[in-house]
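Summary of structural features
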Amino acid sequence: MLRVLTANVFNGHADAAAFGELLDRVAPDVVAAQELDPAVAAEIENRMHFGKLLPAHDYHGRGIGSLRPIEVEELEMPYRNALVGRLDDGTEVISAHLANPLVIPPALGKRRRQVEALVTHVLAAPARRVVVGDLNATPAWPAYKALNRVLTDGVADWAARLGREPERTWAYRYGARPMLRIDHALVSGLLVADASTYAVRGSDHLALVVDLEPVPVDAGFRSSSQ
């Protein structure tokens, strides 16, 4: 079982100490952070001695922290690179933060090329992998649909097995009722065995936590939701 926590920590607005307490409570094996600032990065680094943390104050901060040895490299994309972490068993954890399509001027061209880079990476070689992060896309958006053609929405799949709806992950401000599901865990060769969300004090995003299991060998890799 691999537990992954992904969270957009809102570029310095999230309470770093509270985020550290959340990590202690949830005990993830891997953390993927978007809009990572130095204070939250320090909380991750204090608990996880492997990975790559690139904090910033310009909404481009990002990082992967891990309890287990992990090799992390950047996947070059327009606007903001993704991070590809490879665990010692070959499993990939990819942290991505797609450009917000609603900013002025619109970032649709950069966003489209970000999605193309992710799809190219996924199709280059089969692997057990999960793409997590703030994709700034609900299931109705083209960016999500393009990724869902080559990866399975692990949280939606898990919820469907239980006869439930996936939880929403974004609110217009901290403490408000979540409105949209734009933080995702898209999988190949992996199955989401459990999923949950947690408030991150000060952030407009909830943290998404998924427990991942390998797909049984006789089932093969699930590279598509079709």
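Here the residue numbers are simple positions, counted from 1 along each chain's written sequence. The model is predicted, so local features are restricted to residues of pLDDT at least 70 and side-chain atom pairs to those at 80 or more, both for listing and for counting; the totals for chains, interfaces and linings are taken over all residues. Each side-chain value is derived from all of the structure's non-hydrogen atoms; neither hydrogens nor water enter the calculation.

Each helix and strand counted, the protein has 5 helices and 12 strands in total. As a reference, a globule follows 2.2 Å times the number of residues to the power 0.38, and the radius of gyration itself is taken over C-alpha atoms. In terms of overall size, the protein behaves like a compact globule, its C-alpha atoms giving a radius of gyration of 16 Å where 226 residues would be expected to give roughly 17 Å. Across its three principal directions, the C-alpha atoms of the protein cover 45 × 40 × 35 Å. Three exposure classes are used, based on accessible area relative to the maximum for each residue type with a 1.4 Å probe and protein chains only: buried under 20%, partly exposed in between, and exposed over 50%. Expressed as a percentage of the 226 residues in the protein, the buried residues total 53%. Where accessible areas are quoted, they stem from the Shrake-Rupley method and a 1.4 Å probe; at the residue level, only the protein chains shown are allowed to cover. As displayed, the protein offers around 10200 Å² of accessible surface, 53% of which is attributable to carbon and sulfur atoms. Charge assignment in this entry is limited to Lys and Arg as positive and Asp and Glu as negative, and neither His nor the chain termini are counted. Working definition for charges: the position is that of NZ of Lys, CZ of Arg, CG of Asp or CD of Glu. Taken as two groups, the 24 positive and 28 negative side-chain charges of the protein have centres that lie 7 Å from each other. Only runs of H or I of at least four residues qualify as helices and only runs of E of at least two qualify as strands under DSSP, and these elements are numbered from the N terminus.

On to the side chain of Asn 8, then. Relative to the elements of secondary structure, Asn 8 occurs in strand 1 (residues 2–8). A distance of 3.1 Å separates the side chain of Asn 8 from the side chain of Glu 35, its partner in a polar contact. A polar side-chain atom of Asn 8 sits 2.9 Å from a polar atom in the side chain of Asp 134. For this analysis, residues touch if any pair of their heavy atoms sits within 4.5 Å. Setting aside anything within four residues of it in sequence, one finds Asn 8 in contact with Gln 34, Glu 35, His 97, Asp 134, Ser 203 and His 205. In protein, a polar contact requires one atom able to donate a hydrogen and another able to accept it; more generally it is a pair of N or O atoms within 3.5 Å, and residues adjacent in sequence count only if both atoms are side-chain atoms.

In this section: helix 5 (residues 154–161). The complete set of buried residues in helix 5 reads Gly 154, Val 155, Trp 158 and Ala 159. Taken end-on, helix 5 shows its buried residues confined to a sector of 130 degrees, consistent with a single buried face. At its buried positions, helix 5 is contacted by strand 9 (152–153), strand 10 (183–188), strand 11 (190–199) and strand 12 (206–214). The N-terminus of helix 5 is capped by Asp 153, whose side-chain oxygen sits 3.3 Å from the backbone nitrogen of Val 155. Of the residues trailing helix 5, Gly 163 is marked for its positive phi of about 70 degrees. In this description, the arc belongs to the directions extending from the helix axis to the C-beta atoms.

By themselves, these figures tell us nothing about what the structure is for.
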